[in-house]
Amino acid sequence: AAGGMSGSVGKSSIPGVKRIIAVASGKGGVGKSTVSANLAVALAASGAKVGLCDCDLYGPSVAQMFGVDEKPMANEHDEIIPLEAHGLKLMSMGFLLDDRSPVIVRGPMATRYTQQFLRQVAWGDLDYLVLDLPPGTGDIQLTIVQTVTVDGSVIVTTPQEVALIDARKAVSMFAKVNVPILGLIENMAWFEGDDGKRYPIFGKDGGVREAEYMNVPLLGQIPIDIETRERGDSGAPVALVSPEKSKVSAAFHEVAAK
Ligand code: ADP
């Protein structure tokens, strides 16, 4: 199924890609991109061939998180060749945009771009392709899960009520379109001070209770961590650190092993 006639073409699996995992969140800013990047890195560390596709047209972040900022080339079939960093294949709407100007396109056009984008990347052979979805549960998210066959979804939330409400919506969206839900990740679960005490900045165990309530697995709890933020900003995700040296890295490796 090639591109073109976007709206009328049925969904397809991506040739050569064994498993497609979508990482979603209801609310923005909860750490969905951070989780996507670190899960992708942790999966690759286990020996898998991994790609990460940043599907956020309006707020792409993979370029920053992996320290790559080139224009990708096209191959002879007019497919975009993903960039590579830390052993991962990376693709982002951000690579295709000019400078730092905002994307000004309306919904239907954005949907069409997204479909084309998903169908025109030369991923090659991959064990996992991680899709970093835009936040929310609207047209674009639906388009993505209906354009490619998503094998499982991971929902990221903070323990805070406003985030949990939106996470619930994301879970029901996937349920409606028959995408299996692998589970919930509670990000920013606590901050551990130098005193070793855990401070529940956004509330305690909100994700744990929500997972129970929605009857989906809780895949892990990730604390608020300065190194995680710093490494995200500087292009070397924390999951690259040996799990013995970083609790957060260890947590991501544990989630990836599930
Ligand atoms: P989203 O993709 O949901 O919008 P991001 O992954 O961009 O969220 O994260 C939002 C901000 O929070 C970023 O600046 C990121 O570096 C930071 N962040 C995310 N998770 C953590 C964490 N566990 N500890 C510290 N900072 C985090």
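See above for the structure.
If you're wondering where the values come from, they're calculated on a predicted model, not measured in any experiment. Think of each chain on its own: its residues are numbered from 1, step by step along the sequence as written. Local features are withheld for residues below a pLDDT of 70 in this predicted model, meaning they are given only at 70 or higher, and side-chain atom pairs are given and counted only at 80 or more; totals for whole chains, interfaces and linings count all residues.

A few words on the pairing of strand β6 (residues 152-157). Between the buried cut of 20 or more and the exposed cut of 12 or fewer other C-beta atoms within 10 Å of a residue's own C-beta lies the partly exposed class, and all C-beta atoms are placed from the backbone. Each helix is a run of DSSP H or I of at least 4 residues and each strand a run of E of at least 2, with the numbering of both proceeding from the N terminus. By the criterion of burial, β6 is predominantly enclosed, with five of the six residues buried. Only strands joined by at least two bridges in the DSSP assignment are considered to pair. Pairing geometry for strand β1 (residues 17-24) and β6, over four bridges, is parallel. In the sheet register, Val23 faces β6, and the bridge partner there is Val154. Both β6 and strand β7 (residues 181-192) contribute to a ladder of five bridges, which runs parallel. Looking at the pairing, Ile155 lines up with Leu184 of β7.

On to the packing of helix α1 (residues 32-45) against helix α9 (residues 247-257). Two elements in contact, α1 and α9, have axes whose closest approach is 8 Å; the angle formed by their N-to-C orientations is 70°. Taken together, the axes of α1 and α9 lie roughly perpendicular to each other. Between α1 and α9 the crossing geometry is right-handed. Of the residues in α9, those in contact with Asn38, Leu39, Ala42, Leu43 and Ala45 of α1 are Phe252, His253, Val255 and Ala256. Ten residue types, Ala, Val, Leu, Ile, Met, Phe, Trp, Tyr, Cys and Pro, are classed as nonpolar, four, Asp, Glu, Lys and Arg, as charged, and the remainder, Gly among them, as polar. The class makeup of the residues in the contact of α1 with α9 is seven nonpolar, two polar and no charged. Orientation is described by lines fitted to C-alpha atoms, with helices fitted over the stretch in contact, and by angles between N-to-C directions that extend from 0 to 180 degrees. Roughly parallel refers to an angle under 35 degrees, roughly antiparallel to one over 145, roughly perpendicular to one between 65 and 115, and oblique to any angle outside these ranges. The hand of a helix crossing depends on one turn: near helix anticlockwise from the far one by less than a right angle means left-handed, and clockwise means right-handed. Distance between backbone-placed C-beta atoms decides contact: two residues are in contact if it is within 7 Å.

Moving on to the site of the ligand. For each residue, a C-beta atom is placed from the backbone, and the residue counts as near a molecule or strand when that atom lies within 6 Å of it. With respect to spatial proximity, 18 residues lie near the ligand, and among them Gly31, Lys32, Ser33, Thr34 and Arg229 are the closest. Counting only elements with at least two residues in the shell around the ligand, the list comes to α1, β7, β9 (218-224) and α8 (226-234).

With that settled, the discussion passes to the environment of Val130. Take Val130: it is sitting in strand β5 (residues 126-132). Overall, the presence of 25 C-beta atoms within 10 Å leaves Val130 in the buried class. Val130 sits 20 residues away from Ala110 along the chain, and the two C-alpha atoms are 20 Å apart. Val130 has contacts with Ile21, Val23, Ser36, Leu39, Ala40, Val50 and Leu52, leaving out every residue within four places of it along the chain.

The next subject is the pairing of β1. Taken together, the six bridges between β1 and β5 define a ladder with parallel strand orientation. Paired with Ile21 across the strands is Val130, a residue of β5.

Here the focus is the environment of Ala163. On the secondary structure map, Ala163 appears in helix α6 (residues 161-176). On the neighbour-count criterion, Ala163 (27 C-beta atoms within 10 Å) is buried. Here the alpha-carbon distance between Ala163 and Val177, two residues 14 residues apart in the chain, equals 22 Å. If sequence neighbours within four positions are ignored, Ala163 has contacts with Lys27, Val30, Thr157 and Thr158.

Relative to the assigned elements, Gln141 resides in helix α5 (residues 139-147). Residues Gln141 and Met173 lie 32 residues apart in sequence; the distance between their C-alpha atoms is 9.1 Å. Excluding residues within four positions of it along the chain, Gln141 makes contact with Ala24, Leu133, Pro134, Gly136 and Met173.

Let's shift gears to unusual backbone geometry. The phi angle at Met188 is positive, at roughly 60°, despite the residue not being glycine. With respect to the helices and strands, the residue Met188 is situated in strand β7. When the 26 C-beta atoms within 10 Å are taken as the criterion, Met188 is described as buried. Positioned with a positive phi, Asn215 is a non-glycine residue whose angle comes to about 60°. Locating Asn215 in the fold gives a position in the loop between α7 (206-214) and β9.

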